[in-house]
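Here are the chains, one letter per residue:
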Amino acid sequence: KRSISKSKSKPNPSPIDIDAIHSTSRPNLAHSFAHTMVIISIKNAEGDNFLFQTTTDTICDDLVSSLVSIHNMRLQARVAVDAVRGLARHGPIKNNNHDSASGSANIDVSSAAAVVEKDTNILSTTTDSSYTPDPTGLRTGYGPERQLAETIERVVSDLESYIDKSQAQKRVALTEDILLDKIANVRGAVMMAYPMGLPEWDTAKISLDCLTNLPQTQTTTTTTSTAPRLLNPKTTTLWHAGKPFPKSKPLSIRLGKNEKTKIIAKLVKDGDGPPSREPLVSEEERKAMMAHYFKRQEELKGLTAAEGGVEDDDYLNSSWADPKEMRRHLQGLGNIKAPGVRL
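Note that the structure is predicted; figures quoted are calculated from it, not measured.

**Student:** Sorry if this is basic, but what is going on with the overall build of the protein chain here?
**Tutor:** Check the secondary structure of the protein chain and you find 13 helices and 5 strands. Counting all 343 residues of the protein chain, 33% fall into the buried class. Considering only contacts within the protein chain whose residues lie at least 6 apart along the sequence, 67% involve residues at least 24 apart. Of the roughly 22500 Å² that the protein chain leaves accessible, carbon and sulfur atoms contribute 55%.

**Student:** How should the sheet that holds strand 3 (residues 236-240) be read in this particular structure?
**Tutor:** Remark on secondary structure: sheet strands pair via backbone hydrogen bonds, oriented parallel or antiparallel. An order of 2-1-5-3-4 is seen for the 5 strands of this open sheet, with the pairing classed as mixed. Two strands in the sheet have a free side with no partner beyond their single neighbour: strand 2 (49-54) and strand 4 (243-244). Pairing of strand 1 (residues 38-43) with strand 2 involves 6 bridges; the strand directions are antiparallel. Bridge pairing in strand 2 places Lys43 opposite Asn49. Helix 4 (residues 60-90) rests against strand 1, strand 2, strand 3 and strand 5 (262-269) of the sheet, and its axis sits at about 145 degrees to strand 2.

**Student:** What is the right way to read the packing of helix 8 (residues 176-193) against helix 9 (residues 203-212) from this model?
**Tutor:** Each pair of packed helices gets described by two things: the angle between the helix axes and the distance between those axes. Packing of helix 8 against helix 9 brings their axes to within 11 Å, and their N-to-C directions diverge by 145 degrees. The hand of the helix 8/helix 9 crossing is left-handed. Residues Ile183, Val186, Arg187 and Val190 of helix 8 pack against Leu208, Asp209, Leu211 and Thr212 of helix 9. A breakdown of the residues in the contact of helix 8 with helix 9 according to their chemical character gives 5 nonpolar, 1 polar and 2 charged.

**Student:** Where do I start with a nonpolar patch on the surface in this structure?
**Tutor:** There is a patch of nonpolar side chains on the surface, built from Leu280, Val281, Met289 and Tyr293 and spanning about 460 Å² of accessible area. Mapping Leu280 onto the fold places it in the loop between strand 5 and helix 12 (283-306).

**Student:** What is the right way to read the confidence of the model for the protein chain from this model?
**Tutor:** Detailed conclusions should not be drawn from predicted coordinates in areas where pLDDT is low. Put simply, the protein chain has an average pLDDT of 74, and 68% of its residues get 70 or more. When the criterion is pLDDT under 50, residues 98-126 qualifies, and its contacts beyond four places in sequence or with other chains add up to 49 contacts.

**Student:** Would you take a moment to explain unusual backbone geometry for this structure?
**Tutor:** Among all residues save glycine, negative phi is the norm, and among peptide bonds the norm is trans. With a phi close to 65 degrees, Arg171 is a non-glycine residue in the positive phi region. Residue Arg171 is classed as exposed on the basis of its relative accessible area, which comes to 72%. Backbone geometry at Ser248 places phi at a positive 65 degrees, although glycine is not the residue there. Looking at the element boundaries, Ser248 is found in the loop between strand 4 and helix 11 (252-255). Owing to a relative accessible area of 54%, Ser248 belongs among the exposed residues under this scheme.

**Student:** How should the packing of aromatic side chains be read in this particular structure?
**Tutor:** Within a pair of aromatic rings, the relevant descriptors are the distance that separates the centres and the angle that separates the planes. The tally for this structure, following the rule as stated, stands at 0 aromatic pairs. The aromatic ring of Tyr162 is capped on one face by Lys182, whose charged end is 5.4 Å from the ring centroid. Across the ring face of Phe245, the terminal group of Arg254 is positioned such that the distance to the ring centre comes to 4.9 Å.

**Student:** Teacher, can you tell me more about empty space enclosed by the protein here?
**Tutor:** Using a probe with the size of a water molecule, rolled over the atoms, empty space left in the structure can be pinpointed. Applying the stated rule across the entire model yields 1 cavity of 30 Å³ or more. Considered as a void within the structure, the largest cavity measures approximately 40 Å³ in volume. The wall of the largest cavity is formed by Ala77, Ala80, Val81, Val156, Leu159, Ile183, Val186, Leu208 and Leu211. Among the elements of the structure, helix 4, helix 6 (146-162), helix 8 and helix 9 are those that each provide at least two residues to the lining of the largest cavity. Ranked by residues supplied to the lining of the largest cavity, first place goes to helix 4 with 3 residues. Within the lining of the largest cavity, the residues separate by chemical class into 9 nonpolar, no polar and no charged.

**Student:** Looking at this structure, how should I read the packing of helix 6 against helix 8?
**Tutor:** The contact between helix 6 and helix 8 brings their axes to 9 Å, and the two run at 165 degrees. Between helix 6 and helix 8, the interaxial angle falls into the category roughly antiparallel. In this structure, the crossing between helix 6 and helix 8 has a hand that is left-handed. Judged by residue contacts, Leu148, Thr151, Ile152, Val155, Val156, Asp158, Leu159 and Tyr162 of helix 6 engage Ile178, Leu179, Lys182, Ile183, Asn185, Val186, Ala189, Val190, Met192 and Ala193 from helix 8. When its residues are assigned to classes, the contact of helix 6 with helix 8 shows 14 nonpolar, 2 polar and 2 charged.

**Student:** Mind showing me how you'd approach the pattern of salt bridges here?
**Tutor:** A side chain of one charge can pair with a side chain of the opposite charge when the charged atoms of the two come close. Taken as a whole and judged by the stated rule, the model has 16 salt bridges. The salt bridge involving Asp48 is made with Arg78; its shortest N-O contact spans 2.4 Å. A residue pair is termed long-range when its members are at least 10 positions apart, and Asp48 in the loop between strand 1 and strand 2 and Arg78 in helix 4 qualify at 30 residues. For Asp48, a relative accessible area of 10% corresponds to the buried category.

So, how was this worked out
- Residues numbered from 1 in each chain as written.
- Predicted model: local features only at pLDDT ≥ 70, side-chain atom pairs only at ≥ 80, totals over all residues.
- Heavy atoms only, no water.
- Helix = DSSP H or I, 4+ residues; strand = E, 2+ residues; numbered from the N terminus.
- Buried < 20%, exposed > 50% of the residue type's maximum accessible area, 1.4 Å probe, protein only.
- Contact = heavy atoms within 4.5 Å.
- Areas by Shrake-Rupley, 256 points an atom, 1.4 Å probe, with all protein chains shown as cover.
- Pairing = 2+ DSSP bridges.
- Axes fitted to C-alpha atoms, helices over the stretch in contact; angles between N-to-C directions.
- Left-handed = near helix turned anticlockwise from the far one by under 90°.
- Nonpolar A, V, L, I, M, F, W, Y, C, P; charged D, E, K, R; others polar.
- Patch = residues over 30% accessible without salt bridge, like charges linked within 9 Å, V, L, I, M, F, W, Y side chains within 5 Å.
- Salt bridge = Lys/Arg side-chain N within 4 Å of Asp/Glu carboxyl O.
- pLDDT = per-residue confidence, 0-100.
- Phe/Tyr/Trp six-rings, centres within 6.5 Å; stacked < 30°, edge-to-face > 60°.
- Lys NZ or Arg CZ within 6 Å of the ring centre and 35° of its normal.
- 1 Å grid on protein atoms, 1.4 Å probe; cavity = no way out; pocket = protein on both sides within 12 Å on 5 of 7 lines; lining within 4 Å.
- Points joined across faces, edges and corners; volume = space filled by probe spheres on them.
- Parallel < 35°, antiparallel > 145°, perpendicular 65-115°, else oblique.

Quick look at the structure:
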């Protein structure tokens, strides 16, 4: 009986929740990774910026090399986006040897069609129904098929959104691998539309080739619009808080060992001196303040006009409201005027 009573008095063990154990014993690696990395916001004078994640043990030379690579690829990718988008809509650029005035708008459609017919590479995936005249007259107007053009537009929009400066506001850090993958997607879509290759003079081919060989070329085989802004990792210094990061040393020399750090830094060419300081008020805040003050000023003008143009304190300018008028009247100083002055 005692054994039976003891067995009845013992509470039943609660079932083990295996999922709860796994959730408590294993932390969320993605969440911990995002909060245990040094976040660097790279800004330039034009207001463009991007985020990059690293650690305090990273050597400054390696960090500058990665930052410069992303910076250069973003600049060249913008040129490639415009060129490939024009290729998908209006076909390749006309050849200067066949078209006078470097593809000016004076060339008619028949001559453009004749040029395209001479080039079998361009006609590989082009049909007569895909003809869309270029408003600028620089392109032939014979783009790829509609399905291939939509594929090119989709991958180009994906690359454009990834390199946009709004990624910094969304707190999305850029990486070289993802950026190279998106560039490879654009190149693959162009190869699907033009399997025999593009002509050598087409800007889409030139910009994509520059993106592929950008780490080796740096500023030698780039477009003229982006060449002055491209950087060389060997002659570039990372600045933060008015001081440069020492090369060949880890970031912990300046930032310490705290991994949960976010800084604003700039890439500057050697010999250019320290970069300009950040303004106390951003451009968006300045515009908001100007709009607020202008709106307030208009409201005050409206109140004055509603009252007939008479303000509440206009009576202070009257003679009877002058507190010293009575003293001047008793002293006989009220009508004194300077000789030769008429009021």
